[in-house]
Amino acid sequence: MIRVMGFTEHVSVWVSIISLTSAVFISGHDALTLTTDPQVEAKCGGDVNLSCVASSTNKMDIKSFSWLSKNNPECKYMNGRPELKGRCENTPQNTLTLTLTNVMPRDGGEYLCKIASTTGVARSTTNVTVQDCPGSSNSSINSTQAKCWFTGVYPMGSVHWSQGDVNLTGSM
């Protein structure tokens, strides 16, 4: 009987330690969050700001705060100072804002905000969609042919030729 009681007491101590460890892990896990807009629409040729807000239930000392796109760093702050100068601003309110200027289709895609602090690490993404780019067009017509061309148009389109009610596109 003494051995059984000793075994039971030993198991109770381990269960208590596991419960305490789980509680500490759960509360530590929720201590740091990043907030970004999941989807941002940018006007072609315009500017757009992507904000990343870090918050913590505990006192936080930020070690690294950065924005990346296509696995390339756009800007990075280490211990509150810019390590990689870019198009970002870090405010005392734990917000890192990336400014995209003269947005073009190549700027579209996923942007990743990352943070490492004394309370943990976190990441959050924003997907940037670029609206239509009207671009420019030109044409030339002579007695035997007609041509047209477009530059800077997004998304890509297709040209259909017609004369009156007759579609000429398929007959070329």
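Note that the structure is predicted; figures quoted are calculated from it, not measured.

J.: What is the right way to read the pattern of salt bridges from this model?
T.: Opposite charge on two side chains allows them to pair when their charged atoms are near. For the coordinates displayed, the defined rule picks out two salt bridges. Its salt-bridge partner being Lys63, residue Asp61 comes within 3.0 Å of it at the nearest N-O pair. Classification of Asp61 by relative accessible area gives partly exposed; the value is 38%. Taking relative accessible area as the criterion, Lys63 reaches 36% and is therefore assigned partly exposed.

J.: I tried to follow the pairing of strand S3 (residues 48-56) on my own but got confused; where do I start?
T.: Two faces, one strand: in a regular strand the side chains alternate between the faces of the sheet. Summarising the sheet, strand S1 (residues 32-35) and S3 pair through four bridges and their orientation is antiparallel. Bridging from a neighbouring strand, Thr35 pairs with Val53 of S3. Bridge count for S3 against strand S8 (residues 95-100) is six bridges, and the pairing is antiparallel. Residue Asn49 lies in a different strand from S8, and its bridge partner there is Thr99.

J.: What exactly am I supposed to notice about the sheet that holds S1 here?
T.: Strands in a sheet are paired, the pairing made by backbone hydrogen bonds, and the direction either parallel or antiparallel. What the four strands build is an open sheet, ordered S1-S3-S8-S7; its pairing is antiparallel. The sheet is open, and its two edges are formed by S1 and strand S7 (88-91), each paired on a single side. Pairs of neighbouring strands in the sheet enclose a mean axial angle of 15°, with direction left out of account.

J.: What should I look at first to understand the sheet that holds strand S5 (residues 72-78) in this one?
T.: Spatial strand order, S2-S10-S9-S4-S5-S6: six strands in an open sheet with mixed pairing. With one partner strand each, in any of the chains shown, strand S2 (39-42) and strand S6 (81-84) form the two edges of the open sheet. Averaged over all pairs of adjacent strands, the angle between strand axes in this sheet comes to 20°, irrespective of strand direction. In this structure, S5 lies alongside S6, joined through three bridges in antiparallel fashion.

J.: Mind showing me how you'd approach the confidence of the model for the protein here?
T.: Close inspection of predicted coordinates is inappropriate for parts of the model with low pLDDT. Here the protein averages 80 in pLDDT, and 79% of its residues register 70 or above. With pLDDT under 50 throughout, residues 1-28 is counted as low confidence; its partners more than four residues away or in other chains account for one contact.

J.: Would you explain the state of the cysteines in this entry?
T.: Defined simply, a disulfide is a covalent bond joining two cysteines at their sulfur atoms. The full count for this structure, using the stated rule, is three disulfides. Paired by a disulfide, Cys52 and Cys113 hold their sulfur atoms 2.0 Å apart. Given an S-S torsion of about -90°, the disulfide between Cys52 and Cys113 has left-handed geometry. Residue Cys52 is found in strand S3, and its partner Cys113 is found in strand S9 (residues 109-117); the two are separated by 61 residues along the sequence. Across the pair, Cys113 and Cys52 agree in class, each one buried. Along the protein, the cysteines engaged in disulfide bonds are linked according to the scheme 1-6, 2-5, 3-4 when indexed in sequence order.

J.: When you look at the environment of Lys114 in this model, what are you seeing that I'm missing?
T.: Counting through the fold element by element, Lys114 comes out in strand S9. Residues Lys114 and Ser64, 50 residues apart in the sequence, show an inter-C-alpha distance of 7.8 Å. Beyond its immediate chain neighbours, meaning those up to four positions away, Lys114 contacts Leu34, Ser64, Phe65, Ser66, Leu68, Ala122 and Arg123.

Thresholds applied
- Every chain is numbered independently, its residues counted from 1 as its sequence is written.
- Local features in a predicted model are, by the rule used here, given only for residues with pLDDT of at least 70; side-chain atom pairs are given and counted only at 80 or more, and totals for whole chains, interfaces and linings are based on all residues.
- The side-chain figures draw on all heavy atoms in the structure; neither hydrogens nor water molecules are used.
- Just to be clear on terms, a salt bridge is a Lys or Arg side-chain nitrogen sitting within 4 Å of an Asp or Glu carboxyl oxygen.
- The classification of residues rests on relative accessible area computed with a 1.4 Å probe and restricted to protein chains. Under 20% of the type maximum is buried, over 50% is exposed, and intermediate values are partly exposed.
- Any two strands with at least two DSSP-identified bridges between them are counted as paired.
- The helix count covers DSSP runs of H or I at least four residues long, the strand count covers runs of E at least two residues long, and both are numbered beginning at the N terminus.
- Think of each axis as a best-fit line through the C-alpha atoms, taken over the contacting stretch in the case of a helix, with angles from 0 to 180 degrees between the N-to-C directions.
- Every residue gets a pLDDT, meaning the predictor's confidence in that residue, from 0 to 100.
- Between two residues, a contact is recorded if the distance between any of their heavy atoms is within 4.5 Å.
- Count a disulfide wherever a pair of cysteine sulfur atoms falls within 2.5 Å.

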